[in-house]
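# Descriptive structure summary
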Amino acid sequence: MTTKKILCIGAGYVGGPTMAVIADRCPQYQITVVDLNEKRIAAWNSDELPIYEPGLEEVVARCRNRNLFYSTDIPKGIREADIIFVSVNTPTKTFGCGAGRAADLQYLEKTARAIVEYADEGKIVVEKSTLPVRTAQAMSRILHSNPKGLKFQIISNPEFLAEGTAINDLENPDRVLIGGMETPEGQRAIEEVVAIYANWVPRERIITTNLWSSELTKLVSNALLAQRVSSVNSISALCEKTEANINEVTAAAGRDSRIGAKFLKASIGFGGSCFKKDILNLVYLCGYYGLPEVAEYWEQVVRMNDYQARRFVGNMLAAMFNTVADKKIAILGFAFKANTGDTRESPAIAVCCQLLEEHARLRIHDPKALGNARLDLEDAEGDISYCEDPYDAVKGAHAIALLTEWDSFRKLDFRRIYDLMEKPAFLFDGRNLLDHRKLYEIGFNVYPIGQKALTHF
Ligand code: NAD
Ligand code: UDX
């Protein structure tokens, strides 16, 4: 049997880890990951991988140069592949028609055109990127514009991994979704992709659907998850007014098996490269298909999220005598969630920018995201320092704003931190991570999310 060759175009947060796990679990396939970005490919080939993801290094070390290769030679990769996964970025459009909502599909289209240019036989092309429903139709038109008359099969196989837990999510997925055309050729292509995952995923977890259901399911899954966070965050505002406690409310509500306990943590808001972009894309699609009420319904999830970050800064100001001008504020955590260095759409960006507008002086610490934080705040005006050591960040600070739920923050010596700070010392826990009673007893004025503040005034 000849070795099947898989190519993945796009060596990012999805393409990188996904292909590493496929290579690990399917030694009979040869996998190449290509990207236009030479630096990124060089990093994948080095000891310093371009992204931080727990467990990733070990998987890459097992497979690299065995059946997993990283390269910038896109034409060769396309020519040799039997199956091509497309995992390029699909950000929100920033210009022209649909700016601020629609997905920018230029990278996807360039990839499709590269396939047309370099392929000299028909192939299975798998949409791994998150895409607007019916993108496969456009993909098919571009691919079938090839002058050689080659036949391609388009498959939708959206990725559900979450950053920080990507390897576990890939190794033990709740489900794998594979959509294809309802023709005999389409069904055969579905089976080819099913055969890859069946190497480690139980068959009953591999769901097959038509193309459009698969494309839309990805947007819907992210919209439903983000909606839970916005719903809980909206209630956290009401809790702060009524002395109800959001943790008690969500724990009790989540015990209803129809609701479920997961994804009900109040926070400063959701971040990450997916939720906002995918809901806005859904909003755009609803508008495009003439469904303005549906569009407005989902848009509110994003509005509530922006409100939550603004509300957090508003609470800081109100607590600190309505001014933070010239006050040092220690920012603990900048990544959009724990266990990643990714800061894309992190709520920390909005919080820091609003504090800078109030002329606060920021001392930012994050265990993995300082490099990205620097880039995010490159154009922000004001007094900002980046601290490798959390104790440097809190020195002389009037307040701490905890913005990411890094476990290491639980283990900090808060007595020492209290001594290093200006008094009265304020702590705003944007993730409800810490032991608030203990902090209060040390002397802090503690402001959690959706819970009564513990203050010495
Ligand atoms: P990313 O920006 O980290 O990676 C995309 C890569 O594609 C980049 O390295 C870029 O250089 C490369 N690229 C762009 N155009 C190219 C071209 N024409 N030829 C070759 N390479 C090209 O993006 P990501 O976070 O990996 O996301 C990729 C897709 O997966 C998006 O559609 C995203 O919505 C989706 N997704 C992301 C996540 C996540 O957690 N990040 C989870 C599920 C799905
Ligand atoms: C998300 C989806 O979970 C994943 O399935 C999809 O493939 C990509 O988008 P990701 O953005 O990596 O994954 O992280 P996720 O764990 O979903 O968290 C998103 C944001 O919501 C983070 O900022 C997180 O802190 C926040 N969040 C999550 C909450 O505020 N409360 C919660 O209860 C859960």
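As annotated in an unreviewed UniProt entry, the protein chain carries the name UDP-glucose 6-dehydrogenase and is attributed to Victivallis vadensis. As its UniProt record puts it under Pathway (unreviewed entry), the protein chain is described as follows: "Nucleotide-sugar biosynthesis; UDP-alpha-D-glucuronate biosynthesis; UDP-alpha-D-glucuronate from UDP-alpha-D-glucose: step 1/1."

## Quick word on the site of ligand 1
Taken together, 26 residues sit near ligand 1, with D35, R40, T90, E163 and K277 positioned nearest. T90 has a polar side-chain atom sitting 2.6 Å from an oxygen atom of ligand 1. Across the complex, the protein chains shield 91% of the 840 Å² of accessible surface that ligand 1 would expose by itself. Its residues assigned to classes, the shell around ligand 1 comprises 9 nonpolar, 10 polar and 7 charged. If you count residues domain by domain, the shell around ligand 1 takes at least three from each of domain 1 (4-201) and domain 2 (219-303).

## Description of the site of ligand 2
Surrounding ligand 2, one finds 20 residues, the nearest of these being L161, K218, S267, F336 and R431. Here an oxygen atom of ligand 2 sits 2.8 Å away from a polar atom, N or O, in the main chain of E163. With respect to ligand 2, the backbone of G271 contributes an N or O atom lying 2.9 Å from an oxygen atom. Along the lines of polarity and charge, the residues of the shell around ligand 2 split into 11 nonpolar, 3 polar and 6 charged.

## What about the UniProt feature "domain: UDP-glucose/GDP-mannose dehydrogenase C-terminal" (unreviewed entry) in the protein chain?
Mapped onto this structure's residue numbering, the UniProt feature "domain: UDP-glucose/GDP-mannose dehydrogenase C-terminal" (unreviewed entry) falls at residues 330-436. Between the C-alpha atoms that bound residues 330-436 there is a distance of 17 Å. The span itself is 29% helix and 18% strand.

## Considerations on the sheet that holds strand 14 (residues 445-447)
Sheet architecture is open: 6 strands sit in the order 11-10-9-12-13-14, paired in parallel fashion. With partners counted over all chains shown, the strands left at the sheet margins are strand 11 (384-386) and strand 14, one partner each. The average undirected angle you get between the axes of adjacent strands in this sheet is 20 degrees. Here strand 13 (residues 426-429) pairs with strand 14 via 3 bridges, running parallel.

Quick notes on the rules
Residues numbered from 1 in each chain as written. Chains lettered and ligands numbered in written order. Predicted model: local features only at pLDDT ≥ 70, side-chain atom pairs only at ≥ 80, totals over all residues. Heavy atoms only, no water. UniProt positions renumbered as here; feature names shortened; annotations may be inferred. Near = heavy atom within 4 Å. Polar contact = N/O pair within 3.5 Å; in protein donor to acceptor, adjacent residues only side chain to side chain. Areas by Shrake-Rupley, 256 points an atom, 1.4 Å probe, with all protein chains shown as cover. Nonpolar A, V, L, I, M, F, W, Y, C, P; charged D, E, K, R; others polar. Domains from an automatic or database assignment. Helix = DSSP H or I, 4+ residues; strand = E, 2+ residues; numbered from the N terminus. Pairing = 2+ DSSP bridges. Axes fitted to C-alpha atoms, helices over the stretch in contact; angles between N-to-C directions.

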